[in-house]
Amino acid sequence: DWGPILGGAEDCFFLSPVYNSTAIWKFALVCYWNSWIYTSANQGKTWIISPMPAGAYLRDIEFINPTVGWLFVAEFEESKRNLYQTTDGGQSWTLIKRTGWLDVELSFVDAQMGWAVACDNAYCSEPVAVRALLKTSDGGLTWEILEPQFVP
């Protein structure tokens, strides 16, 4: 029974893939208080397993290439709603931004430019969630809210 090791099997799920190419495969095993990123450079014959920041629930993870990615973890306590970045494929993570978001969907096109749909609810899909479309041009350090505009 892997439940005690993983924190209870019902508390875990896979995000697959978080990055996939012909050379590098990555997926995340997400459990409520701990998560890991698995990386294979040989079509799954061997895997490197790296822990992700602990203590909060992983909400989204995005890689633009085998080494550069972002990770958002959150819990209801505001000090634990954090955006992290990796430049070494997930071996280590650097806190780059504390936010007020509870849920987010990240989308980066390169190491600087990205977008996010963020909300103040545990799930942005909930009808009561207040959502915002955000843009970053500095890799996630700062975010600008994009307001809808009507074109005449």
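Residues numbered from 1 in each chain as written. Predicted model: local features only at pLDDT ≥ 70, side-chain atom pairs only at ≥ 80, totals over all residues. Heavy atoms only, no water.

**Q** Explanation requested: the sheet that holds strand E1 (residues 12-20) in the structure shown.
**A** In a beta sheet, neighbouring strands pair by backbone hydrogen bonds and run either parallel or antiparallel. Strand order in the open sheet made by the four strands is E1-E2-E3-E4, with antiparallel pairing throughout. Of all the strands in the sheet, just E1 and strand E4 (48-51) have a single pairing partner and so form its edges. With strand direction ignored, the average angle separating the axes of adjacent strands in the sheet is 20°. Looking at chain direction, strand E2 (residues 25-31) and strand E3 (residues 35-40) are connected through six bridges and run antiparallel. The residue bridging phenylalanine 27 from the neighbouring strand is tyrosine 38, located in E3. (Pairing = 2+ DSSP bridges. Helix = DSSP H or I, 4+ residues; strand = E, 2+ residues; numbered from the N terminus. Axes fitted to C-alpha atoms, helices over the stretch in contact; angles between N-to-C directions.)

**Q** Can you help me understand the state of the cysteines in this one?
**A** Defined simply, a disulfide is a covalent bond joining two cysteines at their sulfur atoms. Enumeration over the complete set of coordinates arrives at two disulfides. The partner cysteine of cysteine 12 in its disulfide is cysteine 31, sulfur to sulfur 2.1 Å. Between cysteine 12 and cysteine 31, the S-S dihedral sits near 110°, and the bridge is therefore right-handed. Of the two residues, cysteine 12 sits in strand E1 while cysteine 31 sits in strand E2, which places them 19 residues apart along the sequence. For cysteine 12, a relative accessible area of 16% corresponds to the buried category. Taken in sequence order, the bonded cysteines of the protein chain link in the pattern 1-2, 3-4. (Disulfide = S-S within 2.5 Å. Buried < 20%, exposed > 50% of the residue type's maximum accessible area, 1.4 Å probe, protein only.)

**Q** Where do I start with the sheet that holds strand E7 (residues 81-86) in this structure?
**A** Taken together, the four strands give an open sheet; going across it, the order is E5-E6-E7-E8, and neighbouring strands pair in antiparallel fashion. Looking at which strands have only one partner, the edges of the open sheet turn out to be strand E5 (57-63) and strand E8 (94-98). Put simply, the sheet's adjacent strands are angled 25° from each other on average, direction ignored. When E5 meets strand E6 (residues 69-74), the two strands line up antiparallel, connected through six bridges. Within the sheet, the bridge partner assigned to tyrosine 57 lies in E6 and is alanine 74.

Any functional reading would require information that these geometric values do not contain.
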